[in-house]
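Structural overview
Each chain is listed here by its residues.
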Amino acid sequence: MRFPVSRRALLLLGASGASLGLLSGCGVRLDAPPDVPTLDETNRLRNRIARILAATTAEDTDPETAGEDLHKLRAAIGPVWAPPAEIATEPPPTEEPRTYIDAAEVVSTAVFDAVPTLSSALIPVLIDVATGLALTAGTEHAEIIRSADALIRDSHESGRAGASGEPGSATEPNGPAVPSPSAEDSTAAPRWNAILDQARAASYGYERLAVNFDAKSRQRKRAVARLESLGSLSGEMLEKLGEKNAEPGAPAWKLDPTPTDSETAEELALSLEDGVAAALLPWLQTDARAALRLWESARARAVFAHPQVLRYSYSGNTGEAEAKR
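My aim in this report is to walk through the structure given alongside it, one point at a time. (Residues numbered from 1 in each chain as written. Predicted model: local features only at pLDDT ≥ 70, side-chain atom pairs only at ≥ 80, totals over all residues. Heavy atoms only, no water.)

On a plain count of helices and strands, the chain comes out with 10 helices and 6 strands. Every one of the 325 residues in the chain was classed for burial, and the buried ones make up 47%. Long-range pairs, those at least 24 residues apart, make up 78% of the contacts in the chain with a sequence separation of at least 6. Carbon and sulfur atoms make up 52% of the accessible area of the chain, which totals about 15,900 Å². (Helix = DSSP H or I, 4+ residues; strand = E, 2+ residues; numbered from the N terminus. Buried < 20%, exposed > 50% of the residue type's maximum accessible area, 1.4 Å probe, protein only. Contact = heavy atoms within 4.5 Å. Areas by Shrake-Rupley, 256 points an atom, 1.4 Å probe, with all protein chains shown as cover.)

To continue, consider the side chain of Asn193. Looking at the secondary structure, you find Asn193 in helix H7 (residues 188–210). Given a relative accessible area of 6%, Asn193 falls into the buried group. Within the local environment of Asn193, its side chain forms a polar contact with the backbone oxygen of Asn245, the two atoms lying 2.9 Å apart. When neighbours within four sequence positions are excluded, Asn193 is seen to be in contact with Leu241, Asn245, Ala246 and Glu247. (Polar contact = N/O pair within 3.5 Å; in protein donor to acceptor, adjacent residues only side chain to side chain.)

A few words now on the nonpolar core. In this structure, Val111 and Leu209 are the most contacted members of the largest nonpolar core, which totals 82 residues. Beyond its immediate sequence surroundings of up to four residues, Leu209 is in contact with Ala223, Pro259, Ala265, Leu268, Ala269, Leu272 and Phe304. (Core = buried A, V, L, I, M, F, W, Y, C linked by side-chain atoms within 4.5 Å.)

Let us look at the pattern of salt bridges. For the structure shown, the criterion picks out 15 salt bridges. Between Glu95 and Arg98 there is a salt bridge, and its shortest N-O distance comes to 3.0 Å. Under the relative-accessibility criterion, Glu95 is labelled buried at 18%. As a salt-bridge pair, Arg311 and Asp274 come within 3.9 Å of each other at their nearest N and O atoms. With Arg311 in the loop between helix H10 (291–304) and strand E5 (312–314) and Asp274 in helix H9 (residues 262–284), this residue pair connects regions lying 37 residues apart in the sequence. One network of salt bridges, with partners in common, ties together Asp149, Arg153, Glu236, Arg293, Glu296 and Arg299. (Salt bridge = Lys/Arg side-chain N within 4 Å of Asp/Glu carboxyl O.)

A word on the environment of Leu272. Inspection of the secondary structure puts Leu272 in helix H9. For Leu272, a relative accessible area of 7% corresponds to the buried category. Sequence separation of Leu272 and Ser203 is 69 residues, and the distance between their C-alpha atoms is 9.0 Å. Leu272 has contacts with Gln198, Ala201, Ala202, Gly205, Tyr206 and Leu209, leaving out every residue within four places of it along the chain.

Put into structure tokens, the structure is as follows:
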């Protein structure tokens, strides 16, 4: 039987394995070995990424912050898991040593290719880690970003085409469908409206801040392009909500800071994208196809500052994502 396993459960299993070794050494007979969880596809992917990061070393050819970023990524994805040696049926797999850039390419490809099949509460951390790796490594090797962008868009379309029932549903191989909440769900409409409101506010903010950059600058071009992707996000939310559940937009949104020059315009762009990421998190926790929208936000933000290695924070051993404050 296949079932998801939390990071905390895996750590507890490791502790129980250690206890088992002590009992065996004392001559205590164990006729029935404890059950060893069988990881589902999403948990196996998390475990593989943990192994890849554990075998990764920051080299001189990697980004300057690679060592620090690698530490943050390892903490977010959690420890490598394998059954204790006393009850393992086969040796744990290993990963070859990699540089930060090489690891970014492998991890982003593995995660974004799997977007249509991801399930469970691990979705945010998998997408967040893959996005951070691709964008930070992409500062030295831009092809990683281009490849990741194409792959996540293909996966998004594949997920939409393959979803059954409620738009936005995802399926786990050999497992049940994991549908996104419908607009009729009492908890869903506020969620979609929160994203819709943030997308509208960000669109308004980008309209105001874009004029503070030279017409040929990367910032001006990204701001204009971001208006299109935010419009697409708003349209997706309106489709989910329908006519009866969509709330009207505010006549104007308060901008903090008010963009008056390139410096305050950049600061506003970062604030807008942080707001978008926070609004997307509840959706991302149930539907991996929200990954495209987080990717778009992260790419836009990276034009106005150094790429964030993680958009969310992860506390304790729960593996649950929290929006940064």
